[in-house]
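What follows is the residue order along each chain.
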Amino acid sequence: MVVHPVAVVDHSGFRDLVSRTARERGWCEPRWFETTPDDAGSGVTALALRDHPRLVLACGGDGTVNAVAAGLAHTGVAMGIVPIGTGNLVARNLGIGSGVEDAVTSAFDGADRRIDMGLLDGRPFVGMGGIGLDAEMVRDTSPRMKRLLGWPAYVPAVLKGLRSGASRVAVRLDDGPWLTRRVLGAVVGNIGALQGGVSLLPEADPADGLLDLALLRDVRTRGWLVTAGRLIGSRRVDGPAVERFRFRRLELRGSRTKPFEVDGEVCGTTRSLKVQVDPGALVVKVPGPAG
């Protein structure tokens, strides 16, 4: 068990639930490791692997899932997810519900699914990463407001980001030609849905050996109004403001320095990114009969 301690409301109740679930299935008593401000989970995952476990549960939000996944990549050890963070995008896209008891049950009884990961400037990600508007939205939305309001908490940050101005970027996908666009931001994803079930990358499949790219175009206000209208009607981000591609390798060079994020954590600022897929890197427990 790799646990983000701040995210757990009832520590004793949670421990009792996990221990009971393990015991009923003939498993040994779980070992518990807590993340810290200096270790989001990769360090304690490395410690956990010394015991040669068959299963490691990541208990927290997308940041915890990211850190545990980075530690388990290419080991063959399965990762269960107990989504108790504010975003939980990876869990939702994999069909893992927000109920703690159901998530723990899925971790023990679910099916193994081998999925891809991505590398953004060498930083592993399971869900999404982005530069510009996407990262500004993450940076400028407080965790408290996310807990209180859910996905609507991001609206003020999005409006602020739209006013921050666009930059010209050159993008190269795989061995293709360089494409030049004027954008507010770019999002790369191994999964497709955002908070509230909003579909940004509808073709994204975490097990297809590809990543998806959405360029958030700098268009007139009317273009963003069309996109917003389609979003309200279908929960899909679509319209003249969004351009999508699929790739295995990507290079992006921008005219302005912008913040960038990986799985919901802002990592700094940059003018360029290199992204590539890491096919089949991770085994995840998902709801369904074990094979």
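Provided above is the structure to which this section pertains.
This text gives an overview of the structure that appears in the document. These figures come from a predicted structure and were not determined experimentally.

1. Some remarks on the overall build of the chain
Regarding its fold elements, the chain presents nine helices and 13 strands. When the 291 residues of the chain are sorted by exposure, 49% land in the buried category. Of all intrachain contacts in the chain linking residues separated by at least 6 positions in sequence, the fraction that spans at least 24 positions is 69%.

2. Side note on the packing of aromatic side chains
Within the structure shown, the criterion is met by two aromatic pairs. Aromatic pair phenylalanine 14 and tryptophan 32: ring centres 5.7 Å apart, planes at 80 degrees, arrangement edge-to-face. Residue phenylalanine 14 is located in helix H1 (residues 11-24), and its partner tryptophan 32 is located in the loop between H1 and strand S2 (33-34); the two are separated by 18 residues in the primary sequence. As far as the burial class goes, phenylalanine 14 and tryptophan 32 line up, both buried. Across from the ring centre of tryptophan 27, 4.7 Å away, lies the NZ or CZ of arginine 54, which sits over that ring.

3. What to know about the pattern of salt bridges
Evaluation of the coordinates by the stated rule reveals 14 salt bridges. The partner of arginine 113 in a salt bridge is aspartate 205, with the nearest N and O atoms 3.4 Å apart. With arginine 113 in strand S5 (residues 111-120) and aspartate 205 in the loop between strand S9 (178-189) and strand S10 (211-217), this pair connects stretches of sequence that are 92 residues apart. The partly exposed category is assigned to arginine 113, whose relative accessible area is 30%. For aspartate 205, a relative accessible area of 29% corresponds to the partly exposed category. Taking the shortest distance from any N to any O, the salt bridge between arginine 253 and glutamate 251 comes out at 3.6 Å. Each of Glu203, Asp208, Asp212 and Arg246 takes part in a single network of salt bridges with overlapping partners.

4. Topic: the nonpolar core
As a rule of thumb, nonpolar side chains are buried together in soluble globular proteins. Formed by 58 residues in total, the largest nonpolar core has its most connected members in Phe14, Met79 and Ile81. Among residues more than four places away in sequence, those in contact with isoleucine 81 are Ala58, Val65, Val90, Ala91, Leu94, Ile96, Ala103 and Val284. In terms of nonpolar packing, the next biggest core, distinct from the first, is built from 21 residues, Val171, Val183, Phe260 and Val275 among them.

5. Observations regarding the packing of helix H2 (residues 42-49) against helix H3 (residues 62-72)
Two elements in contact, H2 and H3, have axes separated by 8 Å at closest approach and are oriented at 40 degrees. With respect to each other, H2 and H3 are oriented oblique. The hand of the H2/H3 crossing is right-handed. The residues of H3 that touch H2, namely those facing Ser42, Thr45 and Leu49, are Ala67, Val68, Gly71 and Leu72. Taken together, the residues of the contact of H2 with H3 break down into four nonpolar, three polar and no charged.

6. Some details on unusual backbone geometry
For histidine 52, which is not glycine, the phi dihedral falls at a positive 55 degrees. Residue class for histidine 52 comes out exposed when judged on its relative accessible area of 69%. Of note, the phi angle at aspartate 121 is positive, near 50 degrees, even though the residue is not glycine. Along the chain, aspartate 121 falls in the loop between S5 and strand S6 (123-125).

7. A short note on the environment of glutamate 203
Locating glutamate 203 in the fold gives a position in the loop between S9 and S10. Note on glutamate 203: relative accessible area 53%, which makes it exposed. For glutamate 203 and asparagine 190, which are 13 residues apart along the polypeptide, the C-alpha to C-alpha distance reads 9.8 Å. In contact with glutamate 203, other than residues within four places in its own chain, are Asp208, Asp212 and Arg246.

8. Observations concerning helix H5 (residues 100-109)
The set of residues buried in H5 consists of Ala103, Val104, Ser106, Ala107 and Phe108. Those residues of H5 that are buried lie in contact with H1, strand S3 (55-60), strand S4 (78-83) and strand S13 (265-286).

About the cut-offs
- Residues numbered from 1 in each chain as written.
- Predicted model: local features only at pLDDT ≥ 70, side-chain atom pairs only at ≥ 80, totals over all residues.
- Heavy atoms only, no water.
- Helix = DSSP H or I, 4+ residues; strand = E, 2+ residues; numbered from the N terminus.
- Buried < 20%, exposed > 50% of the residue type's maximum accessible area, 1.4 Å probe, protein only.
- Contact = heavy atoms within 4.5 Å.
- Phe/Tyr/Trp six-rings, centres within 6.5 Å; stacked < 30°, edge-to-face > 60°.
- Lys NZ or Arg CZ within 6 Å of the ring centre and 35° of its normal.
- Salt bridge = Lys/Arg side-chain N within 4 Å of Asp/Glu carboxyl O.
- Core = buried A, V, L, I, M, F, W, Y, C linked by side-chain atoms within 4.5 Å.
- Axes fitted to C-alpha atoms, helices over the stretch in contact; angles between N-to-C directions.
- Parallel < 35°, antiparallel > 145°, perpendicular 65-115°, else oblique.
- Left-handed = near helix turned anticlockwise from the far one by under 90°.
- Nonpolar A, V, L, I, M, F, W, Y, C, P; charged D, E, K, R; others polar.

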